[in-house]
Protein chains: 2
Amino acid sequence: MKLGQVTIKDIARELNVSTSTVSRALKDYPGISDDTKKKVKDLAEKLHYRPNAVALSLRKSKSFTIGVIIPEVVHFFFSTVISGIEEIAYANGYNVILCQTNEKLQRELSSIETMLDNQIDGLLVSFSKETENFDHFTKLMEQNFPIVFFDRVPDIENTVNVTVNDFKGAYDATKHLIEQGYKNIIHLAGPKTLPISAKRKDGYKQALQDHQMILNPEWIIPCPIGTQEESYEITKTLFKSNENHPDAIFASNDIAAAGAMMAVKELGLKVPEDVGIVGFSNWQFSSMIDPPLSSVEQPGFEMGEKATAMLLEMIEKKKESNWEAKTIVLETELLVRKSSQK
Amino acid sequence: MKLGQVTIKDIARELNVSTSTVSRALKDYPGISDDTKKKVKDLAEKLHYRPNAVALSLRKSKSFTIGVIIPEVVHFFFSTVISGIEEIAYANGYNVILCQTNEKLQRELSSIETMLDNQIDGLLVSFSKETENFDHFTKLMEQNFPIVFFDRVPDIENTVNVTVNDFKGAYDATKHLIEQGYKNIIHLAGPKTLPISAKRKDGYKQALQDHQMILNPEWIIPCPIGTQEESYEITKTLFKSNENHPDAIFASNDIAAAGAMMAVKELGLKVPEDVGIVGFSNWQFSSMIDPPLSSVEQPGFEMGEKATAMLLEMIEKKKESNWEAKTIVLETELLVRKSSQK
DNA sequence: ATCGTCGCCGCAATCGTTTGCACGATATGA
DNA sequence: TCATATCGTGCAAACGATTGCGGCGACGAT
């Protein structure tokens, strides 16, 4: 990558001084005459000198780059998180390098390796569905490497996390359906490996229990794949086989909710009159479908910001070895739209 | 970023050889005895030695990293392009560093600067809406720095591009509406600064012309912001004020189409009976709204793959100075759904 | 016995930047 | 006049890896 990049040496040669003088002059170090400082700065300006970040990384063992491990960018929620991350990172002079795992553990492992090779200063992680063992993270954390988990946080000790109150979000959504007069509420659950799936399920169960409603275990239906087609098929089968079909659906994400909505509509049932539906995450499309989908909004941008701020703090305080475990929980907001209002 | 990273020196010290020997042994260079090679490799394995990518970058003036400049990741189409880019890049041992411009020129400029500071080997660009001057790119290209433009390609000379046949996509969509019997087709156009907007508009115009239909310039309505709300308002106003309202809409993207659909539905008009609608880009939600939206599918993943493959080729052939200008045009596919079938 | 060859390896420079230390010149004080 | 302080600057090592060149010992050939 030549580009005829101007280096500190070029400036030194031109001015007949040493590279050390140039370096110090540019940084306004004491012990350099104002005259020299001015000359150096002027020439640097004129030649469009920009320090070589790679050389700096090598010298300082610090790259001012953070790595982000994310399942998928297409996931609307994650794309908003990314924006939050970039915002804080850039504002503090850090770069962001991003890797999608596509929900594959293998990809997660190899991405982390290459990122480490590139001397990232810290890691922001939302792990894949396949990740059930966290040794690759604990190993790093034992070496005092800064890691912050967001959204999908592992169920292990001494981690720093930013997450959302999935329990309460699910609780609120279910409670809302109950208050609307729906009696038989099923839950389309997320992948079992993800703690967030469990928390949402728990919120659903707790809401039913608090309102003296029967909890039918058969009405908690896992959707491990997470596509719209999957929930479409599941819902269709369920509603067809049951003359006493459920009258409401709380889905652990909007994609599943949308699939379910298509299914019930196709069966001639009306939303929200016959079936109420609430989703989770408030995807971009949720307000555009018919009827508009009620959903639990997660503060993605804020999550990105918070997680990054914490990571940068850890990075800058690196010396003071152990940082305490900490979990920030952000609150969700139930957006009631037409799909759940009788 | 210490991490107690093992270096080539650690291996050298342990084995009482020089670092040069270790380096050569690891790379299977000639002139090192099989015995030494084995010892070095075994120890490297045992200590989990991994070469320091930063040191390599500095030494070789090559970072095996490519930069990607993209308007927004939330944009469904772009997120699929990213996947295509990562696919090819990783397969060839390259890293990807990604920056969103959020459609801001300032962000575009500063992102490029920091990426260059980090010694990227090449750049993949889809520029922002605000970018009307391309000097920051031409300056780099004059210095023989590898750049490939994708989707949004600049209207300047000697560039390497991957784009989609926007003209034909728009032409096909409009033709389809005509063949369905719609008579008064309006066009919700994209931001004027983007060449793709112009091409889509041209395709629309050509289709009307080829079918002896009147081209009413007032029915080409710009949507410079690109939000759903904008097209919603525009459509509502237009349809309300005209008792002789149009009977079809070709929108330059699905978001605008969705907004328009909401507007006409709210006015009591039926889609597709009263108004036919076709969008562009085939967003994730397009098949989920009611009625499902017809749209022009763009091969995003393939675009990412092609662009990256071309960029890597340019990088590896760097020495042979000038690469020829080239534009790959990928074909679109019209997905006919319910929103446009009378 | 001498020379050439070859196999195996180390020295040192290099990439661009930072930084501890020392050096020379001038100024200050006794 | 000489020791000492102060100021401005340069030398050289360091970060981790690569690589051209040269050295050294062993061996075969003459």
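Residues numbered from 1 in each chain as written. Chains lettered and ligands numbered in written order. Predicted model: local features only at pLDDT ≥ 70, side-chain atom pairs only at ≥ 80, totals over all residues. Heavy atoms only, no water.

For chain A, an unreviewed UniProt entry supplies the name LacI family transcriptional regulator and the organism Belliella aquatica.

(A) Expanded view of the protein's contact with DNA strand D. Not every one of the 28 residues close to DNA strand D is listed here, only the nearest: Thr21, Arg24 and Gly31 of chain A together with Ile8 and Arg59 of chain B. For DNA strand D, the fraction of protein-proximal atoms (within 4 Å) that sit in sugar or phosphate groups is 57%. Backbone polar atom of Ser33 of chain A to a phosphate oxygen of DNA strand D: 3.0 Å apart, as the coordinates give it. Between DNA strand D and Tyr49 of chain B there is a distance of 2.8 Å, counted from a phosphate oxygen to a side-chain nitrogen or oxygen. Grouping the amino acids of the surface near DNA strand D by side-chain chemistry returns nine nonpolar, eleven polar and eight charged. (Near = heavy atom within 4 Å. Polar contact = N/O pair within 3.5 Å; in protein donor to acceptor, adjacent residues only side chain to side chain. Nonpolar A, V, L, I, M, F, W, Y, C, P; charged D, E, K, R; others polar.)

(B) Up close: the packing of helix α5 (residues 76-91) of chain A against helix α12 (residues 300-316) of chain A. All names here are of chain A. Viewed as axis vectors pointing N to C, α5 and α12 meet at an angle of 40°, and their least axial separation amounts to 7 Å. Put simply, α5 runs oblique to α12. Note that α5 runs across α12; the crossing there is right-handed. Residue-level inspection shows Phe77, Thr80, Val81, Ser83, Gly84, Ile85, Glu87, Ile88 and Ala89 of α5 in contact with α12, the latter providing Gly300, Phe301, Met303, Gly304, Glu305, Thr308, Ala309 and Leu312. Its residues assigned to classes, the contact of α5 with α12 comprises nine nonpolar, six polar and two charged. (Axes fitted to C-alpha atoms, helices over the stretch in contact; angles between N-to-C directions. Helix = DSSP H or I, 4+ residues; strand = E, 2+ residues; numbered from the N terminus. Parallel < 35°, antiparallel > 145°, perpendicular 65-115°, else oblique. Left-handed = near helix turned anticlockwise from the far one by under 90°. Contact = heavy atoms within 4.5 Å.)

(C) Region of the structure containing the domain arrangement of chain A. Each domain of chain A was delimited in the assignment, giving domain 1 (8-51), domain 2 (64-164 + 300-329) and domain 3 (166-299 + 334-340). Relative to domain 2 of chain A, the C-alpha centre of domain 1 of chain A lies at a distance of 38 Å. (Domains from an automatic or database assignment.)

(D) Layout of the relation of the copies chain B and chain A. Its rotation angle being 180°, the transformation that places chain B on chain A also includes 0.0 Å of axial translation and leaves an RMSD of 0.1 Å. In symmetry terms, the pair is related by a two-fold rotation axis. Both copies share a contact surface, since 100% of the interface residues of chain B are interface residues in chain A too. (Least-squares fit on C-alpha atoms with pLDDT ≥ 70 in both.)

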